[in-house]
Amino acid sequence: MILIPAGKLHLVLYLATGLLSLSLLTECEKIRLVGPSRCSGRVEIFHRDSWGTVCDDQWSVTNAEVVCRELDCGTVIEAKKMAFFGEGKNEIWLDDVQCTGQELSILKCSHRALGENNCGHGEDAGVICSDHLKVVNGSNRCSGKVQIYRDGRWNRACSNDWGTTEAEVVCREMSCGTPLQQNEVPNFGEVNVLGGLKTTCVGNETSISQCTVQDFKDDCVDATVLCTHSKEIRLMNGTNRCSGRVEIFHDGQWGSICDDRWGMQEAAVTCREMNCGNALFVKYKAFFGAGQDQVWLDDLECNGSEKTLMDCPHRGFGEHDCDHNEDAGVVCSETIRLYNGTNACSGRLEVFHNGQWGKMCKNHWGNEEASVVCKELSCGNPKKYQDSTFGESRLSGLTSRCTGNVSSIAQCNIQAVTGTCEGVSLSCEGSPQLRLVNGTDHCSGRVEVLHDGQWGTVCDDEWDMRDAQVVCRIMDCGTARTAKSAAYFGQGQGSIWMDDVGCTGNETSLLHCRHATLGENNCGHGEDAGVVCSAFIRLINGTDQCSGRVELHHGGRWSPLYYLNWGMSEAEVVCRMMDCGDPVKVSGSFGRGKEMRGYKVSCNGRESSLTQCTLRDFTRTSGDFIEEAGVHCSGNVRLADGNNHCVGRVEFYDKGQWGTVCGEAWDVNDAMVVCRQMGCGRAHKIATMGEYGHGSGQTWIDQIECNGMESTLTQCPQRPFRDKTCNATSVAGVICTGGLGVRLSNGKDECSGRVEVRHGEEWYTVCDNEWNHSKAGVVCSKLECGEPVSAPVGAQFGQGNGSVVEASDSCFKNVSTLQQCSLKGFRSATCGHEKDAGTVCAAQVRLVGGSGPCTGRVEVHYKGEWGTVCDDEWELQNADVVCKQLGCGHAVSAPSSAHFGRGSGPIWLDNVRCTGEEAAITQCEHHGFGENNCGHSEDAGAICLGALNKPQLTLSPGPEVNWGDKVEITCTVQTEHLGGTFILKRIPGEFKMEKFSENEAATFIFPSVDFAQKGSYFCEYQKKLPNQVINYPQGNIAELSVNVDLQKPSISLTSPFAMVVYSPDTISVKQGSSFSVTCSTHSRYSGGYFYLTKSNVSTTEAKPAYGHTIFYVASFEFTEIEYKHQGAYKCVYGVNISSQSFCSVPSKSLEVTVIAASSSSVITGVLVGLVVVLIVVAIGYLLWRRRWRVTDTLVQFSNRLGGAIKQDRDERSNGAYDGRTRNTQVSEQAQSPIPDDKNVEVENPVEVVPEDLAGRVCYELEPLVFS
């Protein structure tokens, strides 16, 4: 035992409190509201180092309530959709969020995997919470104890001087109508303690914050409020107050609710709002009679935890496709309810007695009373073990004694209890409305449902792991291992009760899931659905069926396993039991359950079940911080021997070991399921001949027949070959799109979107600097998506996250170089995600089976294979896009029903919807490549007007020009329709120029190009006739590149006489001498800087260049040379143009050596000087004759004591600079002589282009752009 001194006890308590709140703090930091106040705005989530939005699919007031609570805001006012607070940027992190309302964070609610969505930013979700007000402990958001936000915290509102006026302000602020006048106000857990806020309102305030609020130090009883809510509901034509047709009051009129999507979740909310008990039955088809007047609501989608029907998503008031023959109804329990339970048949028991709800006390409570309640709720018999507790209530207590044959607890002797008592928590077995038939145990088999007293099956349409998870939970059979289809457990008999089941995974009944009307289906018993559950083990709170907190069914009950001596050996057994492959990691981070009694486990890793391991009872106390054991398994499918986890040989885990899949029956539908299960996107290519090796294990699967829609491979029908064995050389493999070196994200299909490249396991976006049409073409080729249509820039497909890399020529030259960079890495870029590059590709198209190339069945080339287009929604504007894409003019007709014969191979497109403006058929809206519900009898066709020539484009002087050059772009077309309009377009961007021409050509002129004009250009031609407009197809694409060409400066020296110039590579200079270096160049770009660099120094010296016309110069003075000045010098000329910096390549090197002073005679110096002068004069004369085309760097030397320069130009030997010789006059002119323009004959005069920005240093930490 550890003893803590009293003086330090408070420190320990503070530390414990901080640790307990750490998880909440972490979650809170992951959410924010972007809007007008701290408590209203667009909801954003922080994930992977970036903020992203939440899609408004399934967005409801219940979800908004969780957000408001998480951000410590007040009562939820409204849940906003359709980007009410503006569209966000970057990723959409959450979609299909469905909260129960009790979660501490929106991230704890049910939702798709982070980043997985089918939304755009036009669907960003938002919330409006009250900044200053919230009510707590109420039965709905419009009732409870009042709290006010003041001085940075929430404070109790006191009932002192609290009246109707204050209540009206509160109800108005919460959009909850008016205060409800009741003789007896429900108890919301009010207490009388010291301190609170005293509030006084006038009555016209719109917020409680506008009232007078004062601190109150005396005894304070909580102020409460009970509002009418903005929309009242009622039950009509029922047998009691808790049954009948559901009606809602809106716009001064009562109206009914359509029974489309009406189910037990909606009934549960209705019963709760009506202050009734549990929902017993839902009623359809105007069971309680047809209503009158309006049908107000349709397609309600509650999750069952909402406090009012108005909190559930719906179409909108008055928006429906129903009549009163579809009015919805409900039957609720009138006198009893189970509250806060894990399902409809468990919870804290509360009874309606003498006009109010009370809690049932354990006094005199026995099995007879429990049996009455369970039967009254149609929940079977009480469970044998009643050790679960569902919390306590502040309601007044009641006792009950049941004798004789009673059918309702209301028929028993119920009496009020004075004082306090412990409430009854009840768990019933539940009615057998679901069973598993023909399985290997009670936790596997064909799923059958009891309806109208008859058992029937469930169709496997849309049947997946989420549906199976609900079944396994209802059957108390642990975690779903697989969802079976195609009558895997044999064909049932009788009715097929359910079809198109779509569960979210957290429902407590299969009937609570979305489904077609009971009994309505398009199936046969060959499509009966089944499940296989884990039976004795379950994983809770994981991200999939192979991860989570481990619980074991042992001794007739589910118990937790504790994170004590828990390791990889124990995890290996769990993964084997779940058929989930190998353990990846062990964890204690999947939360805590309610059970205190559990087990410590010790395994050696070879056991087939945890029951074979050593189990020891362990009971934790409320003060223990011991975590429950968790595990993350690899899953039962993996890809082996590829260059990443999304490429390789398909291996399947079964019977405790990995094995291969036969490649003989392997097809793209099977591969689609594997890629989906691995989280690797879609199937790109399949392999069948052991391209990734043959593996060493058994071949588990011979024939597998997926339809491509399954979520896991185990859902697909599997069977051995009947009359042969699998060829040992045939092994299934796949390349998923996630395994390629590049992908297109956030587009409408996998062939358009933001460009992202892969290195290792990380994805990067690509900077749009230097991004062009040809580089987009490399991406299209890699993805086998056809030809590039455009190369959008400026994050047109939204901003990505993570690092950004350059679109370098070395990586995007071709498919091979892109693959090499994916393996070796990309060069990091300096731009942000606002410059993310994009690509739009278009698949090749052809017309087959007609009388010529412009008539026939439409076929699309995708992933190296030709396929057809389904005729669903096939119309003339769709065919028109095809005709234009082929250069066949306009469409005359859009035949359907395989008019040109049935095609073969895949059906690539379905439900195509074009506007007619698209450049390619794949740019039109469609469901996705390969997504269809058609056969080749529905192949679409097109009949076009005729072949039209594409206009051709030429660039003059060429595709690469200098900044400031004049450029002419000529469009030419061969046509009989002269007298039309040429349209010049550039991608990326919205650039467009038009010119009418009576001839076959038109020329567009740019007098002086800049960087804004670079890009990919193409021509279009349009001829207007009296009754139609003929649009010729898009012409060839030509790239225009705009460069800045700077000449290379040269290094040279001058003698002490101004006009004598020579160019050595090396020179020796005596210490203490002074000299200057002069850099000069010929350039059309003025206003630049010269930079003098030195080999052994990282810094540079810069000086503005001065001069005129095309000749510029700058001098660098060395007043007294020291040894630190020796080294190799070079000159660089730099300019800034259009906010970009450019530098010439460096001049040749001039090596300067500093030597010590010596006592050479004056005569020697003079003789040497004369020799040098003679040599230099001869060289200078030759250079002078062609000086107009030479750029020079002048180095001038002088010695204050006099001196001479000794240099052998031919042998480049060093000479000493003698300081004792007579002082030589040297020109101090700062620039070399510049010839007058009139005396210089220039063959190619160059236009002088003014500079637009001040010069920048060309030699910083990273070099700037070299021309």
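Before going further, it helps to spend a moment on the overall build of the chain. A tally of helices and strands in the chain yields 12 helices and 79 strands. The 1267 residues of the chain split such that 51% are buried. Residue pairs in contact within the chain that sit at least 24 positions apart in sequence constitute 71% of those at least 6 positions apart. When the accessible surface of the chain is summed, it comes to about 57900 Å², and 48% of that surface belongs to carbon and sulfur atoms.

The subject of this paragraph is helix H10 (residues 815–824). Within the span of H10, buried status applies to Thr-817, Leu-818, Cys-821 and Ser-822. Taken down its axis, H10 places every buried residue within 145° of arc, on the same side. Exposed residues pointing more than 90 degrees away from the buried face of H10 are listed as Ser-816 and Lys-824. The inward-facing, buried residues of H10 abut strand S46 (742–746), strand S47 (752–759) and helix H9 (773–783). Gly-825 sits one or two positions beyond H10 and adopts a positive phi of about 120°.

A few words now on the state of the cysteines. In this structure the tally under the stated criterion is 36 disulfides. Across the disulfide, Cys-55 is cross-linked to Cys-119 (sulfur-sulfur distance 2.0 Å). On the sign convention where negative means left-handed, the S-S torsion of about -85° between Cys-55 and Cys-119 marks this disulfide as left-handed. Of this pair, Cys-55 sits in the loop between strand S3 (50–54) and helix H2 (61–70) while Cys-119 sits in the loop between strand S5 (92–94) and strand S6 (126–129), and the two are 64 residues apart along the sequence. Here Cys-55 matches Cys-119 in class, with each residue buried. Note on cysteine connectivity: Cys-767 is disulfide-linked to Cys-831, with sulfurs 2.1 Å apart. One end of the pair, Cys-767, is in the loop between strand S48 (762–766) and H9; the other, Cys-831, is in the loop between H10 and strand S51 (838–842), with 64 residues separating them in the sequence. A single burial state applies to Cys-767 and to Cys-831, both of which are buried.

A word on helix H4 (residues 264–273). For H4, the tally of buried residues reaches seven of 10 residues, placing the bulk of the element in the interior. For H4, the full list of buried residues reads Met-264, Gln-265, Glu-266, Ala-267, Val-269, Thr-270 and Cys-271. Those residues of H4 hidden inside the fold are in contact with strand S13 (233–237), strand S14 (243–250), strand S16 (279–283) and strand S18 (329–332). Note on H4: the residue one or two positions beyond its end, Asn-275, has a positive phi of about 60°.

Omega for the bond connecting Ser-956 with Pro-957 falls within 30 degrees of zero, at 15°, which places this linkage in the cis form. Along the chain, the position of Pro-957 falls in the loop between strand S58 (952–956) and strand S59 (960–962). Even without glycine at this site, Asn-541 takes up a positive phi of about 65°. For Asn-541, the location among the structural elements is in the loop between strand S31 (537–540) and strand S32 (547–554). You can call Asn-541 exposed: its relative accessible area is 55%. In this model, Glu-873 sits at a positive phi of 65°, which is unusual for a non-glycine residue. Along the chain, Glu-873 turns up in the loop between strand S54 (865–869) and helix H11 (876–886). With a relative accessible area of 40%, Glu-873 lands in the partly exposed category.

Below, the discussion takes up the side chain of Thr-855. As for its position among the elements, Thr-855 is in strand S53 (residues 855–862). Not counting the four nearest positions on each side in its chain, Thr-855 is found in contact with Leu-847, Gly-850, Phe-900, Ala-942, Ile-943 and Cys-944.

A few words now on the packing of aromatic side chains. By the definition in use, this model includes 23 aromatic pairs. Judged by centre distance (5.2 Å) and plane angle (65°), the ring pair of Tyr-562 and Phe-618 falls under edge-to-face. In this pair, Tyr-562 is assigned in the loop between strand S33 (557–560) and helix H7 (568–577) and Phe-618 in strand S36 (residues 614–619), connecting sequence segments 56 residues apart. On the basis of relative accessible area, Tyr-562 is assigned to the buried category, the value being 0%. Ring plane angle 10° and centroid distance 3.9 Å describe the contact between Tyr-862 and Phe-929, whose orientation is recorded as stacked.

Before going further, it helps to examine the pattern of salt bridges. Any two side chains of opposite charge can pair, given that their charged atoms come close. Considering all chains together, one arrives at 49 salt bridges under this definition. Two residues, Glu-756 and Arg-754, come together in a salt bridge whose shortest N-O distance is 3.0 Å. Summarising the burial analysis for this pair, Glu-756 and Arg-754 share the class buried. Here Asp-768 and Lys-835 are joined by a salt bridge, their closest N and O atoms 3.0 Å apart. With Asp-768 in the loop between S48 and H9 and Lys-835 in the loop between H10 and S51, this residue pair connects regions lying 67 residues apart in the sequence. On the accessibility criterion, Lys-835 (27% relative accessible area) is partly exposed. What you see here is one network of salt bridges that share partners, running through Arg-538, Arg-549, Glu-551, Arg-620 and Glu-628.

The subject of this paragraph is the confidence of the model for the chain. As a note on interpretation, predicted positions should not be read in detail where pLDDT is low. Taken over all residues, the pLDDT of the chain has a mean of 81, while the share at 70 or more is 86%. Within the model, the stretch residues 1–28 combines pLDDT values under 50 with nine contacts to residues more than four positions away or in other chains. Within the model, pLDDT remains below 50 along residues 1259–1267, and this stretch shows 20 contacts once partners closer than five positions in the same chain are excluded.

A word on the sheet that holds strand S60 (residues 967–972). If you walk across this open sheet you meet the three strands as S58-S60-S63, and the pairing is antiparallel. Each edge of the open sheet carries a strand with a single partner, namely S58 and strand S63 (1001–1006). Looking at each pair of strands side by side, their axes are set apart by 20° on average, direction ignored. Summarising the sheet, S58 and S60 pair through five bridges and their orientation is antiparallel. Each bridged residue has a counterpart across the sheet, and for Thr-954 the counterpart in S60 is Thr-970.

Running from N to C, H9 and H10 point in directions that differ by 80°, and their axes come no closer than 9 Å. Compared by their axis directions, H9 and H10 come out roughly perpendicular. Packed against H9, whose contacting residues are Val-778, Ser-781 and Lys-782, the element H10 presents Val-815, Leu-818 and Gln-819 at the interface. Per-class residue counts for the contact of H9 with H10 are three nonpolar, two polar and one charged.

Looking now at the pairing of strand S74 (residues 1111–1118). Among the eight residues of S74, seven are classified as buried, and the element is accordingly described as predominantly covered. When strand S70 (residues 1074–1082) meets S74, the two strands line up antiparallel, connected through eight bridges. The residue of S74 that forms the bridge with Ser-1076 is Glu-1117. One ladder, built from three bridges, connects strand S73 (residues 1106–1108) with S74; its direction is antiparallel. Following the sheet pairing, Tyr-1106 is matched in S74 by Val-1113.

To continue, consider the pairing of S63. Residue alternation in S63 divides its side chains into a buried set, Ala-1002, Phe-1004 and Phe-1006, and an unburied set, Ala-1001, Thr-1003 and Ile-1005. Direction of pairing for S60 relative to S63: antiparallel, over a ladder of six bridges. Its bridge partner lying in S63, Glu-968 is registered against Ile-1005.

This part is about the environment of Glu-70. Secondary-structure assignment places Glu-70 in helix H2. As for Glu-70 and Ile-31, which are separated by 39 residues in sequence, their C-alpha atoms are 8.3 Å apart.

Mapped onto the secondary structure, Arg-1084 falls in the loop between S70 and strand S71 (1089–1094). Polar side-chain contacts of Arg-1084 include one of 3.0 Å to the side chain of Asp-965.

We now examine the environment of Thr-389. Checked against the element boundaries, Thr-389 lands in the loop between helix H5 (367–376) and strand S22 (397–401). Of the residues examined, Thr-389 reaches a relative accessible area of 56% and is grouped as exposed.

What counts and what doesn't
Residues numbered from 1 in each chain as written. Predicted model: local features only at pLDDT ≥ 70, side-chain atom pairs only at ≥ 80, totals over all residues. Heavy atoms only, no water. Helix = DSSP H or I, 4+ residues; strand = E, 2+ residues; numbered from the N terminus. Buried < 20%, exposed > 50% of the residue type's maximum accessible area, 1.4 Å probe, protein only. Contact = heavy atoms within 4.5 Å. Areas by Shrake-Rupley, 256 points an atom, 1.4 Å probe, with all protein chains shown as cover. Arc of directions from axis to C-beta. Disulfide = S-S within 2.5 Å. Phe/Tyr/Trp six-rings, centres within 6.5 Å; stacked < 30°, edge-to-face > 60°. Salt bridge = Lys/Arg side-chain N within 4 Å of Asp/Glu carboxyl O. pLDDT = per-residue confidence, 0-100. Pairing = 2+ DSSP bridges. Axes fitted to C-alpha atoms, helices over the stretch in contact; angles between N-to-C directions. Parallel < 35°, antiparallel > 145°, perpendicular 65-115°, else oblique. Nonpolar A, V, L, I, M, F, W, Y, C, P; charged D, E, K, R; others polar. Polar contact = N/O pair within 3.5 Å; in protein donor to acceptor, adjacent residues only side chain to side chain.

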